[in-house]
Amino acid sequence: MTAALALDPQRQRFYARSVLEVARDLIGVTLRHGDTAGRIVEVEAYHECEPACHAYTGPTPRTEPLFGPPGRLYVYRSYGIHSLVNFVTNVEGVGAAVLIRALEPVAGLETMRRRRGVESDRELCSGPGKLTVALGIGLELNGARVDGGALQLDPPPGSRERPSLVADGRIGITKATDLPWRFCLSESRWLSRSAPTR
DNA sequence: CATGGGATTGACT
DNA sequence: GTCAATCCCATGC
(Lines give C-alpha, C1' and ligand atoms only; values in the text may rest on other atoms or scores of the structure.)
Protein backbone atom coordinates (compact mmCIF):
# COMPACT_ATOMS: atom_id res chain seq x y z
CA MET A 1 0.00 0.00 0.00
CA THR A 2 1.85 3.05 -1.23
CA ALA A 3 0.98 6.68 -0.79
CA ALA A 4 0.06 6.84 -4.46
CA LEU A 5 -2.66 4.28 -3.90
CA ALA A 6 -4.46 6.74 -1.65
CA LEU A 7 -5.08 8.86 -4.72
CA ASP A 8 -6.35 5.88 -6.72
CA PRO A 9 -9.32 7.11 -8.79
CA GLN A 10 -11.24 4.05 -7.66
CA ARG A 11 -10.85 5.22 -4.06
CA GLN A 12 -12.02 8.69 -5.01
CA ARG A 13 -15.02 7.31 -6.89
CA PHE A 14 -16.23 5.53 -3.79
CA TYR A 15 -17.01 8.88 -2.17
CA ALA A 16 -18.21 10.56 -5.37
CA ARG A 17 -21.63 8.92 -5.06
CA SER A 18 -24.92 9.43 -3.27
CA VAL A 19 -24.34 10.04 0.42
CA LEU A 20 -26.86 7.28 1.20
CA GLU A 21 -24.90 4.69 -0.76
CA VAL A 22 -21.62 5.75 0.79
CA ALA A 23 -23.15 5.66 4.28
CA ARG A 24 -24.36 2.10 3.85
CA ASP A 25 -21.05 0.95 2.35
CA LEU A 26 -19.03 2.33 5.25
CA ILE A 27 -20.66 0.03 7.80
CA GLY A 28 -18.20 -2.75 8.66
CA VAL A 29 -15.11 -0.85 7.52
CA THR A 30 -12.32 -0.39 10.05
CA LEU A 31 -11.11 3.17 10.66
CA ARG A 32 -7.55 3.54 11.93
CA HIS A 33 -5.71 6.54 13.35
CA GLY A 34 -2.24 5.89 14.76
CA ASP A 35 -2.36 2.77 16.88
CA THR A 36 -6.09 3.00 17.52
CA ALA A 37 -8.73 1.49 15.26
CA GLY A 38 -12.44 0.73 15.28
CA ARG A 39 -14.96 -0.91 13.01
CA ILE A 40 -17.69 1.45 11.83
CA VAL A 41 -21.06 0.19 13.14
CA GLU A 42 -23.24 3.33 13.03
CA VAL A 43 -23.41 6.29 10.65
CA GLU A 44 -25.83 9.01 9.56
CA ALA A 45 -26.23 10.66 6.17
CA TYR A 46 -26.69 14.42 5.73
CA HIS A 47 -27.47 16.25 2.49
CA GLU A 48 -27.91 19.93 1.68
CA CYS A 49 -31.47 19.28 0.47
CA GLU A 50 -32.74 18.75 4.04
CA PRO A 51 -32.74 21.21 6.96
CA ALA A 52 -30.84 19.06 9.46
CA CYS A 53 -27.72 19.32 7.31
CA HIS A 54 -25.16 22.03 8.05
CA ALA A 55 -25.00 22.63 4.30
CA TYR A 56 -28.72 23.46 4.10
CA THR A 57 -28.23 27.24 4.10
CA GLY A 58 -25.31 27.22 1.69
CA PRO A 59 -21.56 27.48 2.23
CA THR A 60 -20.24 29.34 5.27
CA PRO A 61 -16.73 29.52 6.71
CA ARG A 62 -17.51 26.63 9.04
CA THR A 63 -19.14 24.35 6.47
CA GLU A 64 -16.79 25.03 3.57
CA PRO A 65 -15.25 21.51 3.63
CA LEU A 66 -18.76 20.05 3.22
CA PHE A 67 -18.86 21.58 -0.25
CA GLY A 68 -15.33 20.54 -1.14
CA PRO A 69 -14.22 17.47 -3.07
CA PRO A 70 -15.45 14.05 -1.91
CA GLY A 71 -13.17 11.88 0.18
CA ARG A 72 -12.27 14.67 2.60
CA LEU A 73 -13.11 15.06 6.27
CA TYR A 74 -15.51 17.60 7.73
CA VAL A 75 -14.71 17.91 11.42
CA TYR A 76 -16.62 20.46 13.47
CA ARG A 77 -17.06 21.44 17.11
CA SER A 78 -20.42 20.56 18.64
CA TYR A 79 -21.81 22.27 21.75
CA GLY A 80 -18.44 23.98 22.09
CA ILE A 81 -17.04 20.76 23.45
CA HIS A 82 -17.04 17.79 21.10
CA SER A 83 -15.42 17.16 17.73
CA LEU A 84 -17.62 15.27 15.29
CA VAL A 85 -16.18 13.68 12.15
CA ASN A 86 -17.86 13.34 8.76
CA PHE A 87 -16.78 11.87 5.42
CA VAL A 88 -17.59 14.26 2.56
CA THR A 89 -19.35 12.62 -0.40
CA ASN A 90 -21.02 13.48 -3.71
CA VAL A 91 -19.35 16.04 -5.98
CA GLU A 92 -17.58 19.29 -5.28
CA GLY A 93 -20.15 22.04 -4.80
CA VAL A 94 -22.80 19.78 -3.26
CA GLY A 95 -22.86 19.62 0.55
CA ALA A 96 -23.33 16.01 1.64
CA ALA A 97 -21.49 13.92 4.22
CA VAL A 98 -21.60 10.81 6.40
CA LEU A 99 -21.39 11.37 10.16
CA ILE A 100 -19.48 8.58 11.91
CA ARG A 101 -21.48 7.82 15.07
CA ALA A 102 -20.08 4.65 16.64
CA LEU A 103 -17.23 2.17 16.34
CA GLU A 104 -16.51 -1.28 17.65
CA PRO A 105 -13.04 -0.87 19.22
CA VAL A 106 -10.57 -3.26 17.59
CA ALA A 107 -7.07 -1.91 18.34
CA GLY A 108 -5.34 0.37 20.82
CA LEU A 109 -7.94 -0.09 23.53
CA GLU A 110 -5.50 0.95 26.25
CA THR A 111 -4.85 4.23 24.44
CA MET A 112 -8.58 4.71 24.05
CA ARG A 113 -9.19 4.11 27.76
CA ARG A 114 -6.53 6.63 28.67
CA ARG A 115 -7.89 9.28 26.29
CA ARG A 116 -11.50 8.71 27.30
CA GLY A 117 -10.85 8.30 31.00
CA VAL A 118 -13.17 5.31 31.22
CA GLU A 119 -12.57 1.59 31.53
CA SER A 120 -15.63 0.01 29.93
CA ASP A 121 -15.02 -1.11 26.35
CA ARG A 122 -18.58 -0.20 25.48
CA GLU A 123 -18.00 3.40 26.56
CA LEU A 124 -14.96 3.98 24.35
CA CYS A 125 -16.51 4.67 20.93
CA SER A 126 -20.31 4.48 21.40
CA GLY A 127 -21.06 8.03 20.26
CA PRO A 128 -19.84 10.59 17.73
CA GLY A 129 -18.08 12.69 20.35
CA LYS A 130 -16.62 9.70 22.13
CA LEU A 131 -15.00 8.05 19.14
CA THR A 132 -13.12 11.19 18.08
CA VAL A 133 -11.57 11.36 21.54
CA ALA A 134 -10.77 7.62 21.53
CA LEU A 135 -9.06 7.85 18.13
CA GLY A 136 -7.47 11.25 18.71
CA ILE A 137 -9.35 12.94 15.86
CA GLY A 138 -9.56 16.71 16.32
CA LEU A 139 -10.39 19.85 14.38
CA GLU A 140 -6.88 19.88 12.90
CA LEU A 141 -8.04 17.10 10.57
CA ASN A 142 -10.84 19.23 9.14
CA GLY A 143 -10.45 19.17 5.35
CA ALA A 144 -7.88 16.37 5.40
CA ARG A 145 -8.22 13.31 3.21
CA VAL A 146 -10.39 10.53 4.58
CA ASP A 147 -7.89 7.84 3.68
CA GLY A 148 -4.19 7.72 2.93
CA GLY A 149 -3.22 10.57 5.25
CA ALA A 150 -3.47 10.43 9.03
CA LEU A 151 -6.37 8.00 8.72
CA GLN A 152 -6.59 4.59 7.09
CA LEU A 153 -9.60 2.50 6.14
CA ASP A 154 -9.41 -1.26 5.97
CA PRO A 155 -10.52 -3.05 3.94
CA PRO A 156 -10.84 -0.39 1.24
CA PRO A 157 -14.52 0.56 1.31
CA GLY A 158 -16.63 -1.02 -1.40
CA SER A 159 -14.35 -3.99 -1.84
CA ARG A 160 -16.24 -6.45 0.26
CA GLU A 161 -19.59 -8.05 0.87
CA ARG A 162 -22.13 -5.86 2.65
CA PRO A 163 -23.14 -6.76 6.20
CA SER A 164 -26.77 -6.73 7.32
CA LEU A 165 -27.98 -3.20 8.15
CA VAL A 166 -30.83 -1.54 10.00
CA ALA A 167 -32.05 1.96 9.06
CA ASP A 168 -34.00 4.42 11.18
CA GLY A 169 -34.32 8.11 11.99
CA ARG A 170 -31.29 10.22 12.85
CA ILE A 171 -30.46 11.05 16.45
CA GLY A 172 -30.04 14.36 18.24
CA ILE A 173 -31.65 16.57 15.60
CA THR A 174 -34.94 18.46 15.58
CA LYS A 175 -35.52 18.77 11.83
CA ALA A 176 -36.17 16.08 9.22
CA THR A 177 -36.31 13.42 11.92
CA ASP A 178 -38.55 11.31 9.69
CA LEU A 179 -35.82 10.52 7.17
CA PRO A 180 -34.46 6.98 7.81
CA TRP A 181 -30.88 8.05 7.26
CA ARG A 182 -29.26 6.44 10.29
CA PHE A 183 -27.63 3.13 9.43
CA CYS A 184 -26.51 0.55 11.96
CA LEU A 185 -24.85 -2.84 11.79
CA SER A 186 -27.56 -5.32 12.71
CA GLU A 187 -27.41 -6.59 16.27
CA SER A 188 -24.24 -4.68 17.07
CA ARG A 189 -23.69 -4.05 20.78
CA TRP A 190 -21.42 -1.08 20.06
CA LEU A 191 -24.03 1.48 18.96
CA SER A 192 -24.60 4.88 20.56
CA ARG A 193 -28.20 3.75 21.07
CA SER A 194 -29.94 0.51 20.25
CA ALA A 195 -31.42 0.24 16.78
CA PRO A 196 -34.88 -1.13 16.02
CA THR A 197 -34.85 -4.81 15.11
CA ARG A 198 -35.83 -5.43 11.53
C1' DC B 1 -21.94 44.26 17.50
C1' DA B 2 -25.25 41.20 20.46
C1' DT B 3 -27.59 37.24 20.74
C1' DG B 4 -28.95 32.40 20.42
C1' DG B 5 -28.34 27.76 19.25
C1' DG B 6 -26.57 23.30 18.60
C1' DA B 7 -25.44 16.18 14.25
C1' DT B 8 -23.27 15.63 22.71
C1' DT B 9 -21.89 13.96 26.88
C1' DG B 10 -21.68 13.15 31.77
C1' DA B 11 -23.33 14.18 36.24
C1' DC B 12 -27.08 14.30 38.98
C1' DT B 13 -32.37 13.71 40.89
C1' DG C 1 -35.87 11.49 33.78
C1' DT C 2 -33.32 16.76 33.93
C1' DC C 3 -29.61 19.91 33.04
C1' DA C 4 -25.19 22.45 32.51
C1' DA C 5 -20.74 22.86 30.10
C1' DT C 6 -18.67 25.70 26.34
C1' DC C 7 -17.57 28.12 21.97
C1' DC C 8 -17.81 28.83 17.14
C1' DC C 9 -20.45 30.99 14.20
C1' DA C 10 -24.95 32.18 11.86
C1' DT C 11 -28.23 35.50 12.13
C1' DG C 12 -30.32 39.90 12.84
C1' DC C 13 -30.39 44.72 14.35
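Look up a bit, the structure's there.
Residues numbered from 1 in each chain as written. Chains lettered and ligands numbered in written order. Predicted model: local features only at pLDDT ≥ 70, side-chain atom pairs only at ≥ 80, totals over all residues. Heavy atoms only, no water.

Some thoughts on the pattern of salt bridges
Evaluated as defined, the whole model comprises 12 salt bridges. A salt bridge links Glu 42 to Arg 182; the nearest nitrogen and oxygen atoms lie 3.1 Å apart. In this pair, Glu 42 sits in strand E2 (residues 36–47) while Arg 182 sits in strand E8 (residues 182–185), placing the two residues 140 residues apart along the sequence. Overall, the relative accessible area of 0% leaves Glu 42 in the buried class. Among the residues examined, Arg 182 registers a relative accessible area of 1% and is labelled buried. Ionic pairing is found between Arg 170 and Glu 50, a salt bridge with its closest N-O pair at 2.9 Å. Remark: Glu 50 occurs in the loop between E2 and strand E3 (73–78) and Arg 170 occurs in the loop between strand E7 (165–168) and E8; sequence separation between them is 120 residues. With a relative accessible area of 5%, Arg 170 lands in the buried category. Given the relative accessible area of 4%, Glu 50 is considered buried. (Salt bridge = Lys/Arg side-chain N within 4 Å of Asp/Glu carboxyl O. Helix = DSSP H or I, 4+ residues; strand = E, 2+ residues; numbered from the N terminus. Buried < 20%, exposed > 50% of the residue type's maximum accessible area, 1.4 Å probe, protein only.)

A word on unusual backbone geometry
A positive phi is found at Tyr 79, a non-glycine position, where the angle reads about 55°. Along the chain, the position of Tyr 79 falls in the loop between E3 and strand E4 (82–88). On the basis of relative accessible area, Tyr 79 is assigned to the exposed category, the value being 75%. Positive phi outside glycine occurs at Ala 176, with the angle close to 55°.

Side note on the protein's contact with DNA strand B
Taken together, 19 residues surround DNA strand B, and among them Tyr 76, His 82, Asn 86, Arg 116 and Gly 129 come closest. Sugar plus phosphate, as a fraction of atoms of DNA strand B within 4 Å of the protein: 50%. At 3.0 Å from a phosphate oxygen of DNA strand B is found a main-chain nitrogen or oxygen belonging to Gly 172. At the level of elements, E3, E4, strand E5 (96–107) and helix H4 (128–135) are the ones that each hand at least two residues to the surface near DNA strand B. A class-by-class count of the residues in the surface near DNA strand B yields 8 nonpolar, 8 polar and 3 charged. (Near = heavy atom within 4 Å. Polar contact = N/O pair within 3.5 Å; in protein donor to acceptor, adjacent residues only side chain to side chain. Nonpolar A, V, L, I, M, F, W, Y, C, P; charged D, E, K, R; others polar.)

Let's talk about helix H3 (residues 109–116)
Every α-helix carries 3.6 residues per turn, so stepping three or four residues along brings you back to the same face. Residues of H3 that are buried include every one of Thr 111, Met 112 and Arg 113, and no others. On its buried face, H3 is in contact with E2, E5 and H4. Positive phi appears at Gly 117, one or two residues downstream of H3, with a value of about 75°. (Contact = heavy atoms within 4.5 Å.)

Details of the protein's contact with DNA strand C
Inspection of the region around DNA strand C gives Thr 57, Thr 60, Pro 61, Arg 62, Tyr 79, Gly 80 and Ile 81 as its neighbouring residues. Take Thr 60: an N or O atom from its side chain is 2.6 Å from a phosphate oxygen of DNA strand C. With respect to DNA strand C, the backbone of Arg 62 contributes an N or O atom lying 3.4 Å from a phosphate oxygen. Here the surface near DNA strand C is composed, by residue class, of 3 nonpolar, 3 polar and 1 charged.

Section: the nonpolar core
Counting residues in each nonpolar core, the largest one holds 39 residues, and the members touching the most others are Phe 87, Val 98 and Ile 100. A total of 5 residues in this core trace back to one element, the largest contributor, which is E5. Residues within four places of Val 98 in sequence aside, it is in contact with Val 19, Val 22, Ala 23, Leu 26, Val 43, Glu 44, Val 85, Asn 86, Phe 87 and Thr 89. Membership of the second largest hydrophobic core comes to 13 residues, among which are Leu 66, Tyr 76, Leu 84 and Leu 99. (Core = buried A, V, L, I, M, F, W, Y, C linked by side-chain atoms within 4.5 Å.)

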